Amino acid sequence: MEISFLKDAIDRIAEMARPFVMEVDGRKYCSANMREVEGQGEKPEPYRVDTLDALIQLIRTEGAKTYEKLFVRVKDPRVVVVDSGYITTSQEYYDRASLYQATTDVPPVTYGRAMEAERAVIELQSMYAATGDRDYLLALLSHIDTSQGVSTMDNGVTQEVSVRRGVALKEQQTVQPIVHLQPYRTFLEVKQPASDFLLRIDKDGHPALYEADGGAWKLEAKRNIAGYLSAQLADLEESGNVVVMI
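These numbers come from a predicted model, not from an experiment.

Reading guide: rules and limits
Residues numbered from 1 in each chain as written. Predicted model: local features only at pLDDT ≥ 70, side-chain atom pairs only at ≥ 80, totals over all residues. Heavy atoms only, no water. Helix = DSSP H or I, 4+ residues; strand = E, 2+ residues; numbered from the N terminus. Buried < 20%, exposed > 50% of the residue type's maximum accessible area, 1.4 Å probe, protein only. Pairing = 2+ DSSP bridges. Axes fitted to C-alpha atoms, helices over the stretch in contact; angles between N-to-C directions. 1 Å grid on protein atoms, 1.4 Å probe; cavity = no way out; pocket = protein on both sides within 12 Å on 5 of 7 lines; lining within 4 Å. Points joined across faces, edges and corners; volume = space filled by probe spheres on them. Nonpolar A, V, L, I, M, F, W, Y, C, P; charged D, E, K, R; others polar. Contact = heavy atoms within 4.5 Å. Salt bridge = Lys/Arg side-chain N within 4 Å of Asp/Glu carboxyl O.

## Quick look at unusual backbone geometry
Line of reasoning, step 1. A positive phi is found at Asp25, a non-glycine position, where the angle reads about 50°.
Line of reasoning, step 2. Summarising the element assignment, Asp25 is placed in the loop between strand S1 (21-24) and strand S2 (27-30).
Line of reasoning, step 3. Since its relative accessible area comes to 78%, Asp25 is described here as exposed.

Structural data, given as structure tokens:
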């Protein structure tokens, strides 16, 4: 008897919880917010490439022909993403399609920590464009005497380090505190931004480079990328089919 009473009570509560429609002054209202449910197709992941030229080819051969408007956004110096304009579903909900992403495969440059001199020389020769300050730094590193440790004098602005001359003679040489370098750190299709770096050398002769431009190079790199894309997609920008932005 008790079990039957509980079952009747549960059934009654379930019945009361069901959505229902009522009419008030000729207008119909539902007791719950209801939304039509239908099968939703899976969205593919953005197609990923590693050059700007490949991204441009995708936009021209596929994206611009499929969507009325494409937004090409330079997310950061290493990444560009392409999204569609607003599209509507059968329920009239607005959405966007994330179509493509270009990420440069240029290897990252070492900043903010000391490196072995040999590693620093390799990076300077392979990851930096040839400039006067790069050559100065290479020459300095090749002459630092580490056999008995490095003698340094540091006043917080400039350093003096022991450098080797000939076989045994040493002299103190003032280290240039700020060097202007041009590392490869964005897409290779565009001009690489040059910027200032603070140079420090520890007592073991290990150099360290610290960014000294407040990150301004990132904005320059993004502008270079946007300029390149705008030039290559000029006709699509003019027609309003493509918007390039940073």
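## Quick look at the sheet that holds strand S12 (residues 178-181)
Strands pair in a sheet through their backbones, by hydrogen bonds, and they do so in one of two ways: parallel or antiparallel.
Line of reasoning, step 1. Judged by pairing direction, the sheet is antiparallel, and its three strands sit side by side in the order S12-S13-S14 without closing on themselves. Two strands in the sheet have a free side with no partner beyond their single neighbour: S12 and strand S14 (207-211). For this sheet, the mean inter-axis angle between neighbouring strands, taken without regard to orientation, is 40°.
Line of reasoning, step 2. With four bridges joining them, S12 and strand S13 (residues 195-201) adopt antiparallel strand pairing. What sits directly across from Val179, in S13, is Phe197.

## A few points about empty space enclosed by the protein
Line of reasoning, step 1. In total, this model carries one cavity of 30 Å³ or more according to the counting rule given.
Line of reasoning, step 2. For the largest cavity, the lining is made up of 13 residues, of which Met115, Ala120, Leu124, Leu137 and Leu209 are closest to its centre.
Line of reasoning, step 3. Where the lining of the largest cavity is concerned, the elements lending two or more residues are helix H3 (117-127), helix H4 (132-143) and S14.
Line of reasoning, step 4. Taken together, the residues of the lining of the largest cavity sort by class into eleven nonpolar, one polar and one charged.

## Notes on the pairing of S2
Line of reasoning, step 1. Where S1 and S2 come together, four bridges link them in antiparallel fashion. What sits directly across from Val24, in S2, is Arg27.
Line of reasoning, step 2. Connecting S1 to the next strand, S2, in antiparallel fashion are two residues, including Asp25 with a positive phi near 50°.

## Comments concerning the sheet that holds strand S15 (residues 242-245)
Line of reasoning, step 1. Read across the open sheet, the five strands follow the order S3-S8-S5-S4-S15; overall the sheet is mixed. Each edge of the open sheet is held by one strand with a lone partner, namely strand S3 (47-49) and S15. Going from strand to strand, the sheet's axes swing by 15° on average, the running direction of each strand aside.
Line of reasoning, step 2. When strand S4 (residues 70-76) meets strand S5 (residues 79-84), the two strands line up antiparallel, connected through six bridges. The residue of S5 that forms the bridge with Val72 is Val82.
Line of reasoning, step 3. Where helix H2 (residues 52-66) meets the sheet, it contacts S3, S4, S5, strand S8 (98-103) and S15, and its direction lies at approximately 165° from that of S8.

## Let's talk about the environment of Gly227
Line of reasoning, step 1. Among the secondary structure elements, Gly227 is positioned in helix H5 (residues 216-232).
Line of reasoning, step 2. Placed 37 residues apart in sequence, Gly227 and Val190 show a C-alpha to C-alpha distance of 8.9 Å.

## Considerations on the pattern of salt bridges
Line of reasoning, step 1. In total, this model carries three salt bridges according to the counting rule given.
Line of reasoning, step 2. Residue Glu123 pairs with Arg119 through a salt bridge whose shortest N-O separation is 3.2 Å. Of the two residues, Glu123 and Arg119 are both situated in helix H3; the distance of four residues between them amounts to about one turn of the helix.
Line of reasoning, step 3. Given a relative accessible area of 2%, Glu123 falls into the buried group.
Line of reasoning, step 4. Between Arg134 and Asp135 there is a salt bridge, with its nearest N and O atoms 3.3 Å apart.

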